[in-house]
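Tertiary structure, described
Listed below are the residues making up each chain.
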Amino acid sequence: MEKKLYTLLVYSENIAGILNQITAVFTRRQVNIESLNVSASSIEGIHKYTITAWSDPDQIEKITKQIEKKIDVVKAKYYTDDQLFIREAGLYKLSTQVVLENPEISRIIRRYEAWITEVNPTYVAVMKSGMTKHIVSLYEELNAFGCVLQYTRSGRIAITRSTEEEVSAFLEEREKNIENGKG
């Protein structure tokens, strides 16, 4: 089966050790995590893990079900890129001397709608947010000038294209079950 990039959104309470439990599921199945971002979600007390990995549909479904079985995981679901609104950030540290000697570098930065966030005698710091392919393309174009001193990309952040946080309905149902003694 052909592998494609999937994004898992995992919601959990902020419990020590849960990240290790989640990544262990990938390790056991010998699936490499491409990117991982953990942050607070829009629901108080719930954290959101955004994980990308190359997989086939059968394997990603098994991984998701195993993660969802973890006691501290509230909800886990996998998505393809067309089901999400996705962004990343890239940071580039460029040699000030090379940037000043090559006006084309500034034009490239503007063309990619990136921002120069700091300029000093040693380096120029540039930030770009957007899709992975644009962040990588900017890096490749800048690197061709030999001006890149450092470069890094953030992990993916993603929200679903649905009108509400999907975990909200799950939490509401769980709360009703607890109130009704079914919890």
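The notes below deal with the structure included here. Residue numbers here run from 1 along each chain, matching the order of that chain's written sequence. Per-residue local features of the predicted model are confined to residues with pLDDT of at least 70, and side-chain atom pairs are confined, for both listing and counting, to 80 or more; whole-chain, interface and lining totals are unaffected and use all residues. Here the side-chain values reflect all heavy atoms present in the structure, with hydrogen atoms and water set aside.

**Here we look at the side chain of Asp-56**
Only DSSP runs of H or I with at least four residues qualify as helices, and only runs of E with at least two residues qualify as strands; both kinds are numbered from the N terminus onward. By secondary structure assignment, the location of Asp-56 is in the loop between β3 (46–55) and α2 (57–68). Here a polar contact is taken to be a pair of N or O atoms separated by no more than 3.5 Å, where protein atoms must pair a possible hydrogen donor with a possible acceptor and residues adjacent in sequence count only if both atoms sit in side chains. Side-chain polar atoms of Asp-56 contact the backbone nitrogen of Gln-59, separated by 2.8 Å. In this description, contact between two residues means that some pair of their heavy atoms is separated by no more than 4.5 Å. In this structure, Asp-56 is in contact with Met-1, Glu-2, Lys-3 and Tyr-6, ignoring residues within four places of it in sequence.

**Focus: the packing of aromatic side chains**
To pair, rings of Phe, Tyr and Trp, with the six-membered ring standing in for Trp, must have centres within 6.5 Å; the planes then decide the type, stacked if under 30 degrees apart, edge-to-face if over 60, and tilted in the middle. Here the structure, examined in full by the defined rule, presents three aromatic pairs. Ring geometry for Tyr-6 versus Tyr-78: centroids 5.6 Å apart, planes at 85°, classification edge-to-face. Separated by 72 residues along the polypeptide, Tyr-6 in strand β1 (residues 4–13) and Tyr-78 in strand β4 (residues 73–79) bring together distant segments of the chain. Working definition: with a 1.4 Å probe on protein chains only, accessible area under 20% of the residue-type maximum means buried, over 50% means exposed, and in between means partly exposed. Accessibility expressed as a relative area gives 27% for Tyr-78, which makes it partly exposed. Every member of this aromatic cluster is reached through a ring pair, and the members are Tyr-92, Tyr-139 and Tyr-151. Consider the ring centre and the ring normal. A charge sits over the ring if Lys NZ or Arg CZ is within 6 Å of that centre and within 35 degrees of that normal. Between Lys-93 and the ring centre of Tyr-123, over which it is positioned, the NZ or CZ distance is 4.6 Å.

**Notes on the packing of helix α4 (residues 103–111) against helix α5 (residues 132–143)**
Where α4 meets α5, the axes come as close as 10 Å, and the angle between the chain directions of the two elements is 175°. Comparing their axes, α5 and α4 come out roughly antiparallel. Judged by residue contacts, Ile-105, Ile-108, Ile-109 and Arg-111 of α4 engage Leu-138, Glu-141 and Leu-142 from α5. Put simply, Ala, Val, Leu, Ile, Met, Phe, Trp, Tyr, Cys and Pro go in the nonpolar bin, Asp, Glu, Lys and Arg in the charged bin, and everything else, Gly too, in the polar bin. Taken together, the residues of the contact of α4 with α5 break down into five nonpolar, no polar and two charged. All axes are obtained by fitting lines to C-alpha atoms, using only the stretch in contact for helices, and the reported angles, taken between N-to-C directions, cover 0 to 180 degrees. We call two directions roughly parallel when the angle between them is under 35 degrees, roughly antiparallel when it is over 145, roughly perpendicular when it lies between 65 and 115, and oblique otherwise.

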